[in-house]
Amino acid sequence: MNILFIYPKMPFAFWSMSQLLKMAGKQANYPPVGLLTVAAMLPSEWNKRLVDLNLGPLGDTDLAWADYAFIGAMNVQAGSAREVIASCRRAGVKVVAGGPLFTHEHQNFPGVDHFVLNEAEVTLPPFVADLEAGCPKPLYTSSELADVHQTPVPLWELCDLDRYGFAIVQYSRGCPYMCDFCDVTVLFGRRPRTKTAAQMIAELEALGDLDRFDLVVFADDNLIGNKKLLKSDLLPALIEWRRRKHPAVGFATQVTINLADDTELMDLMRQAGFRHIFVGIETPDEVGLLACKKSQNTRRNMLDNVRALHQAGFLVTAGFIVGFDTDTPTIFDRQIEFIQDSGIVIAGVSVLKAPPGTELYERMKREDRLVYEFDFHESQTNIVPKMDAGVLSEGYKKVLRSIYAPEFVRERAKTLLLDYRQSPIASHENVGGWTLPLLRRYLGIVVRMVYHIGIRGKGRRNFWALVRWTLLHRPRHVDLAFFFGLWMHEFQEMYRSYDASGHFDIYKVPMALSREFEESERFEAVALKRA
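Residues numbered from 1 in each chain as written. Predicted model: local features only at pLDDT ≥ 70, side-chain atom pairs only at ≥ 80, totals over all residues. Heavy atoms only, no water.

### Overview of the sheet that holds strand β7 (residues 166-169)
Strand order in the open sheet formed by six strands is β7-β10-β11-β12-β13-β14, with parallel pairing between adjacent strands. Taken across any chain shown, the strands that pair with only one partner, and hence form the sheet edges, are β7 and β14 (346-351). Sheet twist, expressed as the average angle between the axes of neighbouring strands with direction ignored, equals 20 degrees. The sheet contacts of helix α9 (residues 227-245) involve β10 (215-218), β11 (250-255) and β12 (274-282), and relative to β11 the element is tilted by about 165 degrees. (Pairing = 2+ DSSP bridges. Helix = DSSP H or I, 4+ residues; strand = E, 2+ residues; numbered from the N terminus. Axes fitted to C-alpha atoms, helices over the stretch in contact; angles between N-to-C directions. Contact = heavy atoms within 4.5 Å.)

### Quick look at the layout of surface pockets
The space that makes up the second largest pocket amounts to roughly 670 Å³. Around the second largest pocket, the lining comprises 32 residues; the ones closest to its centre are Asn-75, Ala-78, Arg-82, Phe-374 and Asp-375. At five residues, helix α4 (residues 78-91) tops the list of elements feeding residues into the lining of the second largest pocket. Taken together, the residues that form the lining of the second largest pocket break down as 14 nonpolar, ten polar and eight charged. (1 Å grid on protein atoms, 1.4 Å probe; cavity = no way out; pocket = protein on both sides within 12 Å on 5 of 7 lines; lining within 4 Å. Points joined across faces, edges and corners; volume = space filled by probe spheres on them. Nonpolar A, V, L, I, M, F, W, Y, C, P; charged D, E, K, R; others polar.)

### Section: the pattern of salt bridges
Counted by the stated rule, this structure contains 28 salt bridges. Between Arg-369 and Asp-325 there is a salt bridge; the shortest N-O distance is 2.8 Å. Note that Arg-369 is positioned in the loop between α14 (359-366) and α15 (389-403) and Asp-325 in the loop between β13 (315-322) and α13 (331-342), a separation of 44 residues in sequence. Residue classification places Arg-369 among the buried residues on the basis of a relative accessible area of 3%. According to the relative accessible area criterion, Asp-325 is partly exposed, its value standing at 24%. Its salt-bridge partner being Glu-367, residue Arg-369 comes within 2.8 Å of it at the nearest N-O pair. Bridged by salt links that share partners, the residues Glu-119, Glu-121, Arg-173 and Arg-193 form one connected network. (Salt bridge = Lys/Arg side-chain N within 4 Å of Asp/Glu carboxyl O. Buried < 20%, exposed > 50% of the residue type's maximum accessible area, 1.4 Å probe, protein only.)

### Re the nonpolar core
Formed by 124 residues in total, the largest nonpolar core has its most connected members in Phe-70, Phe-218, Leu-238, Leu-259, Met-269, Phe-274 and Ile-281. Among the elements that take part in this core, helix α19 (residues 478-501) stands out by supplying eleven residues, more than any other. Not counting residues within four places of it along the chain, the set of residues in contact with Phe-218 comprises Val-169, Tyr-171, Met-200, Leu-223, Leu-234, Leu-238, Phe-251, Ala-252, Thr-253, Gln-254 and Phe-274. The next biggest cluster of nonpolar side chains, apart from the first, holds 23 residues, and it includes Ile-71, Val-84, Ala-97 and Leu-101. (Core = buried A, V, L, I, M, F, W, Y, C linked by side-chain atoms within 4.5 Å.)

### Regarding the pairing of strand β3 (residues 68-72)
Taking burial as the measure, the five residues of β3 include five buried ones, the bulk of the element. The alternating pattern of β3 places Tyr-68, Phe-70 and Gly-72 and Ala-69 and Ile-71 on opposite faces, both of which are buried. Sheet topology places strand β1 (residues 2-7) next to β3; four bridges connect them, and they run parallel. Residue pairing for β3: Phe-5 is matched across the bridge by Phe-70. The pairing of β3 with strand β4 (residues 94-98) spans five bridges and is classified as parallel. Bridge pairing in β4 places Ile-71 opposite Ala-97.

### Details of empty space enclosed by the protein
Rolled over the atoms, a probe as big as a water molecule pinpoints where empty space is left. As enumerated under the stated definition, the model contains one cavity of 30 Å³ or more in all. Estimates place the volume of the largest cavity at around 40 Å³. For the largest cavity, the full set of lining residues is His-276, Leu-315, Val-316, Val-345, Ile-346, Leu-416, Phe-483 and Phe-484. The set of elements that each furnish at least two residues to the lining of the largest cavity consists of β13 and α19. In terms of residue class, the lining of the largest cavity is made up of seven nonpolar, one polar and no charged.

### Details of the packing of α13 against α15
Where α13 contacts α15, the two axes come as close as 9 Å, and the packing angle between them is 20 degrees. Relative to α15, the element α13 is oriented roughly parallel. Between α13 and α15 the crossing geometry is right-handed. Residues Phe-332, Asp-333, Ile-336, Ile-339 and Gln-340 of α13 lie in contact with α15, whose contacting residues are Val-391, Leu-392, Gly-395, Tyr-396, Lys-398, Val-399, Ser-402 and Ile-403. Within the contact of α13 with α15, the residues separate by chemical class into eight nonpolar, three polar and two charged. (Parallel < 35°, antiparallel > 145°, perpendicular 65-115°, else oblique. Left-handed = near helix turned anticlockwise from the far one by under 90°.)

### Here we look at the state of the cysteines
Counting across every chain of the model gives zero disulfides. The thiol of Cys-182 is unpaired, and the distance to the nearest cysteine sulfur, on Cys-179, comes to 6.0 Å. Since its relative accessible area comes to 29%, Cys-182 is described here as partly exposed. (Disulfide = S-S within 2.5 Å.)

What is shown is where atoms sit, not what they do.
In structure tokens form, the structure reads like this:
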């Protein structure tokens with residue numbers, strides 16, 4: 001049996017990090033850990049091959065070789081997934097599909113032969129048994145949650161890891177919170193399920209030389225969902241592993257802002273090598289936070305929390321959202337002010353959208369406010385907003401134009417560096433020192449940055465101003481000045497691309513509204529707003 005795993009192309013967006021990859025000499029962010037985990041669950045005697053469309057095109061020879069094509073995708077990959085399915089159909093290759101995109105919307109992909117939905121640990125074995133018996137069904141689904149203690153190490157040997165900027169592993173699934181716009185609890189439940197520390201060490205070591213990567217990403221929706229177990233099991237094991245192995249590479253993950261409340265947990269995470277953390281801040285408006293059930297962000301001073309995280313030695317990346325029902329036109333200036341005051345250099349801003357399966361989606365459906373045809377780009381929405389759509393589009397553009405301006409990025413970096421009082425992670429006793437290959441790789445990155453950003457880049461004046469300021473005031477962190485200078489360049493290229501492609505129109509993809517809404521009195525008003 002020849003199984004071809006196909007990972008659809010990711011669209012150009014905030015997380016594309018195209019300029020960072022260019023400077024690092026890499027071609028894609030991280031390997032498709034979901035598909036590679038599925039590959040490890042299939043019979044060992046089956047032949048397996050991976051095509052990652054983020055590295056190169058799907059070839060006719062690949063399709064001619066395959067008996068089945070396995071496709072796994074997220075919502076943002078829907079367009080590429082449709083193209084892949086069409087190519088497989090033309091070549092006569094049967095398609096098996098799974099992952100978040102298909103779990104929520106399998107009815108919208110008629111070209112797929114077999115859907116293996118929800119968690120593969122549960123639904124894949126019966127599909128494999130039926131396939132070997134010659135009677136596979138079109139749909140496999142289950143409400144049962146997987147025992148992740150049984151999840152195998154991904155089949156990394158199917159891909160060329162040297163072509164990726166980051167390594168990726170996953171420790172837990174599920175989140176205890178109930179944000180109404182998030183589909184994590186729908187997919188994985190509210191009780192975090194975790195792998196063992198031994199499993200995580202095995203996954204890290206299976207990746208080989210970790211120092212060829214810029215970061216190892218723990219792809220958890222909320223790493224600290226079970227703080228007690230994290231403190232007693234995973235973090236002590238990672239700290240001991242670092243003492244034995246001394247890797248130089250740091251870790252990145254996603255957490256909630258209440259990490260700032262737990263000094264012990266922050267210290268353990270930093271000792272374990274976590275440096276970059278993503279936090280969903282969403283909005284500085286507490287009314288909006290309560291309305292979307294983001295309770296963990298309320299009744300606290302989030303600016304002080306971010307400052308505490310920076311002072312503890314973390315680099316905070318944060319997500320923000322505009323377009324909540326509670327938003328007024330003042331929200332755009334408030335978002336800009338919060339982002340600047342916080343010193344969060346890497347800030348991603350999205351227009352609110354309702355992923356299928358979420359509480360928000362169901363509410364928008366009841367209120368006939370859904371746009372059924374759209375892409376999941378952060379600048380797009382599938383919601384008819386309460387705010388005038390034109391005001392929302394222009395306000396969103398204003399936020400990005402402001403916070404991604406080189407002088408604004410430079411000032412945020414200075415704010416962070418003044419708060420960032422911990423020693424660099426490279427000086428920590430658990431982190432390896434410079435090796436010749438590592439020195440050669442980073443020297444290459446610096447040379448490319450100096451040429452593309454410091455000499456040819458339009459933001460070069462602000463880039464060098466940040467480097468000079470850091471050398472004078474925070475010389476130990478000059479590496480961060482270059483890192484933030486790279487993001488300064490990334491943001492400018494991203495903003496220009498959005499502007500040129502029309503992505504600041506929140507309804508860039510034509511609206512396909514429900515029949516009931518098209519016949520309602522509000523439809524004409526919404527159409528006028530779009531015009």
